[in-house]
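Chain residues, written in single-letter form:
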Amino acid sequence: MRNLQASNYIEVMAKIPDQAIIATTSFGIGGMPEQLFAGLGEYYRQHQSPRAITFISTAGLGMGEGRGLDHLIVPGLLKRVVSSYLFLCPLAEALARQDAYELFMLPQGIIGQLYQNAAQRGPGVFSQVGLDTFIDPRLQAGQMNPSAQAQTPYVSTCQIDGQPYLHYRPLNFNVAFIKGTFADRQGNISLKHETNRLEQFSLAAGAKNAGGLVIAQVEEIIDKKIPAHEVVVPGHLVDEVVIGQSHYHQQTPFIHYSPYLSNEQTKELSFETQTSLTIEDIILRRAASELPDYSLVNIGNGLASRINRVIGEQGLLDRIKFAIDFGGYGGYPCSGYDYGPSINAEAILASQDMFSLFHGGGLDATILGFGQLDPYGNMNSTLLGGKIYGPGGMIDITHGAQKIIFIGEFRQGEQVELVDQQVRILHSGNHDKFVKKLVNISFASGIQLNAGKEIMVITSRAVFDLDRQGKLRLIEIAPGLDLEQDILQQLSFQPVISPSLKKMDSSLFDLAWQHPLCR
């Protein structure tokens, strides 16, 4: 019988060959086996091998300089990175712009499906997710720098039953880095303290079926056999296990372990009565007003993640259900640096299963931030201010949501205050968020409009939708603002102005505001 012992996190990297294709999973810090990243970087510094690796991840790989993917920023180690998001790794992001390695971006949910496809040794994934965006080979094929553009893209176009599709070719990785909580002496892996079920099994099966290597990072190796219903990755698929140091084995950037985040315990929620409002509160209330009864709603990170509090304060968590792309279904999604887990969730689905729900149209609505918008409602969230961010799961989510709501400030860097339930502009901002032409199309409005979806943009000064011709249309302005001076003159293009243009609902600015479902 196997008697698994912990491997040294640096020495185990000797098993990885040159030109290996390493795949992992993550959401910032939370799902990432960062001890393995640190070990790989250190082993390479000592031995100058393995060289020229390809590194693949579903989502963001860090939380600031020196973390996550930044461990691997050593000349000669990285040849290629495939991911959906990069900005949380400043060193890696800067070197991608300098063309130090090939950078490819794909939608987060599609990468997860390609992991499953790799386990099946399949032909890749055929999907309409990504059509008309920068992922589409008729635009940029997700090739983010010259080195990537010189290589064969991961995506091509095809037709199935006369309809356009994208074919995402296989990601044939031969090394898997996975993260769990416990391993027993047979190598079985449990996720007991993890906040989400990510792609651990598909990664392990994919690497094993390719004749490759599976390395797991856990908190502890235990002598007692893990119960079968808790095992997510069977020990037969696991080659090596490394113990993660606490600062490299976090649930979120600032929390090592909370039983509430892993849904081992439920938490009584309470909300303090607000004594004042900010313009962000108004944006969130306006967006929340668009959510129908008994709807399933996805919320993104940043400002959008704070919609949780609005729904919670209104006592609507049982009537408006949240679905987070990392797997949390129902409950109270965390926000800010803790974004990803959900407290008091009704279920924790495998992330791949959640994206299957999204791709098939299972979302009633999504509320997301936005970078830049053009006159036709196309949106760029990937290339902003000369830096590479990435779409994350946004392309997947908007593909499946029936109502798409973008929220954010009207101009980047603006300063806005509320005085006597009126909006007052203190500083107009430094950069346009509404531009004539986008450098990157992360969200393509036309294909979504043709599918009968509703698209809205809610900002600090105004609310827009898209008219039947697919043009951005101004439908509401905030009280206290002048249409010409504060709205139209601050745009780089002339939007359609609705003949029914009106002021935003004055009750939004009242401390005693109630959601329409509570009136």
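Not measured: the values here are computed from a predicted model.

(A) Spotlight on the layout of surface pockets. In this model, the largest pocket occupies a volume close to 1400 Å³. As for the largest pocket, its lining consists of 50 residues, and the residues nearest its centre are Tyr-85, Asn-301, Gly-302, Gly-369 and Tyr-389. Of all the secondary structure elements, the ones that give two or more residues to the lining of the largest pocket are strand 15 (295-299), strand 21 (363-369), helix 9 (394-400), strand 26 (401-408) and strand 30 (431-432). Looking at the lining of the largest pocket residue by residue, the class counts come to 22 nonpolar, 21 polar and seven charged. Mapping the lining of the largest pocket onto the domain boundaries places at least three of its residues in each of domain 1 (11-248) and domain 2 (279-511). One number sums up the size of the second largest pocket: a volume of about 400 Å³. The wall of the second largest pocket is formed by 18 residues, among which Glu-272, Gln-274, Arg-285, Arg-309 and Glu-313 lie closest to the centre. When residues of the lining of the second largest pocket are traced back to their parent elements, those giving at least two are helix 6 (279-288) and helix 7 (307-313). Element by element, the count of residues in the lining of the second largest pocket is highest for helix 7, at four residues. The class makeup of the residues in the lining of the second largest pocket is seven nonpolar, five polar and six charged.

(B) Expanded view of the domain arrangement of the protein chain. Partitioning the protein chain into domains gives domain 1 (11-248) and domain 2 (279-511). Summarising the inter-unit geometry, the C-alpha centres of domain 1 and domain 2 are found 29 Å apart. Contacts between domain 1 and domain 2 engage 37 residues on the former and 35 residues on the latter. Carbon and sulfur atoms supply 62% of the area buried between domain 1 and domain 2, which totals about 2900 Å² over both sides. Along the contact surface separating domain 1 from domain 2 lie zero salt bridges. If you look at where domain 1 meets domain 2, you find 15 residue pairs in polar contact (both at pLDDT 80 or more). The element best represented in the side of domain 1 that touches domain 2 is helix 3 (residues 108-120), accounting for seven residues.

(C) Structural detail: empty space enclosed by the protein. Counting across every chain of the model gives one cavity of 30 Å³ or more. Within this model, the largest cavity holds a volume of roughly 30 Å³. Looking at the lining of the largest cavity residue by residue, the classes come out as two nonpolar, five polar and one charged.

Thresholds applied
- Residues numbered from 1 in each chain as written.
- Predicted model: local features only at pLDDT ≥ 70, side-chain atom pairs only at ≥ 80, totals over all residues.
- Heavy atoms only, no water.
- 1 Å grid on protein atoms, 1.4 Å probe; cavity = no way out; pocket = protein on both sides within 12 Å on 5 of 7 lines; lining within 4 Å.
- Points joined across faces, edges and corners; volume = space filled by probe spheres on them.
- Helix = DSSP H or I, 4+ residues; strand = E, 2+ residues; numbered from the N terminus.
- Nonpolar A, V, L, I, M, F, W, Y, C, P; charged D, E, K, R; others polar.
- Domains from an automatic or database assignment.
- Contact = heavy atoms within 4.5 Å.
- Buried area = accessible area lost by both parts, 1.4 Å probe.
- Salt bridge = Lys/Arg side-chain N within 4 Å of Asp/Glu carboxyl O.
- Polar contact = N/O pair within 3.5 Å; in protein donor to acceptor, adjacent residues only side chain to side chain.

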